[in-house]
Each structure stands twice: as structure tokens, then as C-alpha cells.
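# Working through the structure, step by step
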Amino acid sequence: MARSFVIKVPASSANIGPGYDVLGVGLALFLELQVRIDSLHASETNNDANNCKLTYSETSEGYGSVPLKSDSNLITRTALYVLRCNNIRKFPLGTKIHIHNPIPLGRGLGSSGAAVVAGVLLGNEVGQLGFSKQRMLDFCLMIERHPDNITAAMMGSFCGSFLRELTPQEVERREIPLAEVLPEPSGGEDTGLVPPLPPTDIGRHVKYNWNPKIKCIAIIPQFELSTADSRSVLPKAYTTQDVVFNLQRLAVLTMALTQDPPNADLIYPAMQDRVHQPYRKILIPGLNEILQSVTPTTQRGLLGICLSGAGPTILALATENFDDIAHEIINTFSKNNVNCDWKLLDIAQDGAIVEQLPISE
Ligand SMILES: Nc1ncnc2c1ncn2[C@@H]1O[C@H](COP(=O)(O)OP(=O)(O)OP(=O)(O)O)[C@@H](O)[C@H]1O
Ligand SMILES: N[C@@H](CCO)C(=O)O
């Protein structure tokens, strides 16, 4: 019998200033997969080694560059990893997936986190594995090995998370090469390898409140910066002073963003950071000037400003005056020869969801 369902996963902004690899907020901009499984039309998916035909909407971010073979696309590779951990080698016969992706790639809005979360939900759903969201986080964290974007995309809202310490045996299961977790695109024969199941509860998280008056302005430069490149410029060690600087602000910020009315005098300084932004300035022309010059004093309604995730997007939190704030930042970027788009985004409260659709012949 045919089955049809939709998977929706929000974009996310990680770090929020001092919360490097800790804080993440889900944003109401959704990666969407329309999935149909119909074995009576299996011939349509015959030319894919894993029984899966992928299409990508023309209006999506990454159209033309995102691979559409199931063993190379991040979403379906992730789903295959989940299936293979559970001894299922392929998608069910006649699986068709149409992807619509409005999340810009490599900009600091959690596109890869959303793709990984979507892939794990897809594997869980097509394999009818019945995993909880908490268990699905474990699979995600085998692939994207910091929990901030992943947790916000899976759980929604404003989250704080950490990776728990693993036992030596669990580390062995977690430290297997990524190529074994996500089989390399090969075009060759399935090796039959069964990857180990991930340890349980790798990631622990809490959801904080978020004052709904606080809106997210994302100013999105028109160039990509991969998370790997943006992490490569960070130091291996920090001074006690810089660590304490961030910890103090992190503790205050999580509560400050819940308070009503939001207090810019508290939020703005609590969003300062000494762990990642200072080092990433060399990769993002104009970042230094923007972080220094756009303040609640210069911009009515602004509460705080930071790099979104690994950048290059800027996240400005504000209660009003969104257009002016965005254009002030866009103008500074443009003086540095960087063109931008911008979006005003609400918080995605619920995180990733699967909606079953009525069966049609
Ligand atoms: N919908 C998608 N389908 C397939 N691959 C995707 C999709 N979204 C993202 N990717 C892959 O993830 C890469 C971007 O990941 P990267 O971690 O560098 O940036 P990001 O997730 O957008 O930013 P950040 O992690 O800082 O928020 C893309 O180049 C692409 O390879
Ligand atoms: N915390 C991560 C988020 C990007 O994936 C970083 O800043 O590198």
C-alpha cells in the first residue's frame, strides 16, 4: 500500500554570542521533504542503487549544486546510515522524495543540521523504527558532532545542550570514521557493513523560554563559509579570562532572553563573545565594524547582535525597527563589497515534525 508523509525541519542559529557549541534557537524557515512510497511504481526508482528518486524544487537554495543521488545527498546518506544501523540496506521500493529547501547553504543558518535531522527522521519513518526524538538526536550527533544546531532543529525553540562524557567503550562506537557512519558515495556495490548503533543520550539539553517579543533578523551575506573552514581558525586553547568572560555572559543571557520587557542594557553586553567571533573576523569582511557600531544606542529596538553559527550571517535580536536595523548592517557589509539578503524570522517552537498525508492512489 502507498504511504505519503511530509518532514519539516527548521533552520537554526547557533551560539547567540557567548554560547559557542552550546546555545541554539530554531527559526521558522523550514526544510521540507515530501515523501511518497509506492511499490507499485517501483520501476520509477529503479535507476537509483537505493530505490530512491530525489527531486529538488527549482526555487530552493542550492538548486543545481545539491547532489540528487541517494548515496551522495546529505539527507538520504544520513537516512541510509540510520537504516543500515538497523539492518535495513535500502529505502523501500518506490521511494520518491521531493525536497524544498529555503535555508541558504553554508551561511550559519543550520542548513547542514536541518539536513541531518531530516535524514534521521526520514530513516526512522521509512524504516518504521519508532525512535523517540531523544534517541534520534544520538544518530544526528554521530554525524554533526556539536549539538547546538542539531538540538534546536530537532527540538525547536531556544535550547542549551552539551555532549555527555562517554565511557571508553562508547567512545569507540562514536569515534568510528565518518566515512563509515555515512558511507562514501561510491556508485559501487553495497559492502553490507552494519554500522554500530550510536551510544544512547549522547546529547543532553534543556529548553529555555524565549520572550516572543524578541524577533530574529538574519542578515545573510551572498557568500558561503563552510563550518569546517570557520572552525579551523579557532585556537586550540583559551585564557581563563576569556573562558570566564563567556561563562558569565552565557549564564545571564539565557535568563535575560526570557524576561519581559526585554532589557537591551542587559542583553547587548551579555551577547559579547571572546571564544569564536574575534577569530572569525578575518573570514568575514565588515564583521568587526558591524559588531562594534550597531548597538542599542545607534539602533532603536535593537537588543543584541552576534554572528549566527559559524557565519557569515549576522543575527540581530530586536523588538521593532527591523528594516532600519537590517539596512544599517547591509550598508556596512556593502562598504566591504559584500552583498546581502535579509529575513525577519520567528522562533520555530516545535522543531522537526512528520505529518502523515492521506493515502491516494
Ligand atoms: N538540503 C540539503 N541537502 C543536501 N545537502 C545539504 C543541504 N543543506 C546543507 N547541505 C550540505 O551542508 C553544507 C553546508 O553545511 P555547513 O555546516 O558548512 O553550513 P551551515 O550548516 O549552513 O551553517 P552553520 O552550521 O554555521 O549553521 C552544504 O554545502 C551541503 O553540502
Ligand atoms: N557552534 C558551531 C555552529 C556551526 O555549526 C560553530 O560556531 O562552529
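Cut-off values and rules
The numbers attached to residues start from 1 for each chain and follow its sequence in the written order. Following the order in which they are written, the chains are lettered starting with A and the ligands numbered starting with 1. It should be noted that, the model being predicted, local features are given only for residues of pLDDT at least 70 and side-chain atom pairs only at 80 or more, the latter also being counted only at that level, while totals for whole chains, interfaces and linings use all residues. To decide nearness, the C-beta atom of each residue is placed from the backbone, and the residue is near a molecule or strand if that atom lies within 6 Å of it. Under the DSSP-based scheme used, a helix requires at least four consecutive residues in state H or I and a strand at least two consecutive residues in state E, with every element numbered from the N terminus. Basically, the charged four are Asp, Glu, Lys and Arg, the nonpolar ten are Ala, Val, Leu, Ile, Met, Phe, Trp, Tyr, Cys and Pro, and anything else, Gly included, counts as polar. In this document the domain limits rely on a domain assignment from an automatic tool or a database. UniProt positions are given in the numbering used here, feature names are shortened, and annotations may be inferred rather than shown by experiment. The pairing criterion for strands is at least two bridges between them, as found by DSSP. Lines are fitted to the C-alpha atoms to define the axes, a helix being fitted only along its stretch in contact, and any angle between axes, read from their N-to-C directions, falls within 0 to 180 degrees. Contacts here follow a simple rule: the backbone-placed C-beta atoms of the two residues must lie within 7 Å. Roughly parallel here means an angle under 35 degrees, roughly antiparallel means over 145, roughly perpendicular means 65 to 115, and every remaining angle is called oblique. Here is the rule for handedness: rotate from the far helix to the near one, and if that takes an anticlockwise turn smaller than a right angle the crossing is left-handed, while a clockwise turn gives right-handed. Expected span of a helix, by definition, is 1.5 Å for each gap between consecutive residues, and there is one gap fewer than residues. To sort residues by burial, count the other C-beta atoms lying within 10 Å of each one's C-beta; a count of 20 or more means buried, 12 or fewer means exposed, and anything in between means partly exposed. C-beta atoms are built from the backbone. Comment: arc refers to directions from the helix axis out to C-beta atoms. The predictor rates its confidence in each residue with pLDDT, a number between 0 and 100.

To continue, consider the site of ligand 2. Around ligand 2 there are 13 residues in total, and Ala14, Asp21, Thr227, Gly309 and Ala310 lie nearest to it. Those elements that place two or more of their residues in the shell around ligand 2 are helix H4 (147-155) and helix H7 (227-232). It is H7 that contributes the most residues to the shell around ligand 2, three residues altogether. When its residues are assigned to classes, the shell around ligand 2 shows three nonpolar, seven polar and three charged. Taken together, domain 1 (3-205 + 348-356) and domain 2 (209-345) each give at least three residues to the shell around ligand 2, which thus spans both.

You can read the domains of the protein as domain 1 (3-205 + 348-356) and domain 2 (209-345). A straight line from the C-alpha centre of domain 1 to that of domain 2 covers 27 Å. Taken together, the elements giving at least two residues each to the side of domain 1 that touches domain 2 come down to strand S1 (3-14), strand S2 (23-37) and strand S5 (158-163). Here the residues of the side of domain 1 that touches domain 2 are counted per class, giving 13 nonpolar, eleven polar and one charged.

With that settled, the discussion passes to the UniProt feature "domain: GHMP kinase N-terminal" (unreviewed entry) in the protein. UniProt's entry tags residues 73-156 with the feature "domain: GHMP kinase N-terminal" (unreviewed entry), counted in the numbering of this structure. Along residues 73-156, the helical share is 57% and the strand share 7%, with 24 Å between the first and last C-alpha atoms.

Pairing within the open sheet is antiparallel, and its four strands lie in the order S8-S9-S7-S10. The strands lining the two open edges of the sheet, one partner per strand, are strand S8 (302-307) and strand S10 (340-345). Across the sheet, the mean angle separating the axes of adjacent strands is 20° when strand polarity is ignored. Bridge analysis of S8 against strand S9 (residues 314-318) gives five bridges, and the strand direction is antiparallel. Residue pairing for S9: isoleucine 305 is matched across the bridge by alanine 316. Where helix H12 (residues 322-335) meets the sheet, it contacts strand S7 (215-221), S8, S9 and S10, and its direction lies at approximately 25° from that of S7.

In the vicinity of ligand 1 there are 22 residues, among which Ser111, Ser112, Thr227, Gly309 and Ala310 approach most closely. Elements with a contribution of two residues or more to the shell around ligand 1: helix H1 (74-85) and helix H2 (111-126). When residues in the shell around ligand 1 are grouped by element, the largest group, four residues, is from H2.

Next up on the list: the packing of H2 against H4. Between H2 and H4, the shortest axis-to-axis distance is 9 Å and the interhelical angle comes to 55°. Looking at the two axes, H2 sits oblique to H4. When you trace H2 past H4, the crossing you get is right-handed. Within the contact between the two elements, H2 uses Gly113, Ala114, Val116 and Val117 and H4 uses Asn149, Ile150, Ala153 and Met154. For the contact of H2 with H4, the per-class residue count stands at six nonpolar, two polar and no charged.

On to unusual backbone geometry, then. A cis amide bond links aspartate 260 to the next residue, proline 261, at an omega of -5°. The topology assignment puts proline 261 in the loop between helix H8 (240-256) and helix H9 (264-270). The backbone of asparagine 337 shows a phi angle near 60°, a positive value even though the residue is not glycine.

Further remarks concern H8. The end-to-end C-alpha distance of H8 is 24 Å, a good match for the 24 Å that 17 residues give at a rise of 1.5 Å each. Of all the residues in H8, the buried ones are Asn246, Arg249, Leu250, Leu253, Thr254 and Ala256.

Side chains of strand S4 (residues 95-100) alternate between two faces, with Thr95, Ile97 and Ile99 buried and Lys96, His98 and His100 left unburied. With six bridges connecting them, S2 and S4 associate as antiparallel partners. Residue valine 35 lies in a different strand from S4, and its bridge partner there is isoleucine 97. Pairing of strand S3 (residues 52-56) with S4, which is carried by five bridges, proceeds in the parallel orientation.

With 14 residues, H12 ought to run about 20 Å at 1.5 Å a step, and its terminal C-alpha atoms sit 20 Å apart, in line with that. The complete set of buried residues in H12 reads Ile325, Ala326, Ile329, Ile330, Thr332 and Phe333. Down the axis of H12, the buried set is contained in an arc of 160°. They therefore lie on one face. Turned more than 90 degrees away from the buried face of H12 sit Asp323, Asn331 and Lys335, all of them exposed. At its buried positions, H12 is contacted by S7, helix H11 (287-293), S8, S9 and S10. A positive phi of about 60° marks asparagine 337, the residue just after H12.

We now examine the environment of asparagine 124. In this fold, asparagine 124 is placed in helix H2. The class for asparagine 124 is buried, based on 23 C-beta atoms found within 10 Å. Taking C-alpha positions, asparagine 124 is 7.6 Å from alanine 79, a pair spaced 45 residues apart along the chain. With near-sequence residues (within four places) excluded, asparagine 124 lies in contact with Val82, Leu129, Phe131 and Met136.

The next thing to look at is the confidence of the model for the protein. For the protein, mean pLDDT is 94; residues scoring 70 or higher make up 98% of the total. Across the interface, the model reports ipTM at 0.98; the global pTM reads 0.96.

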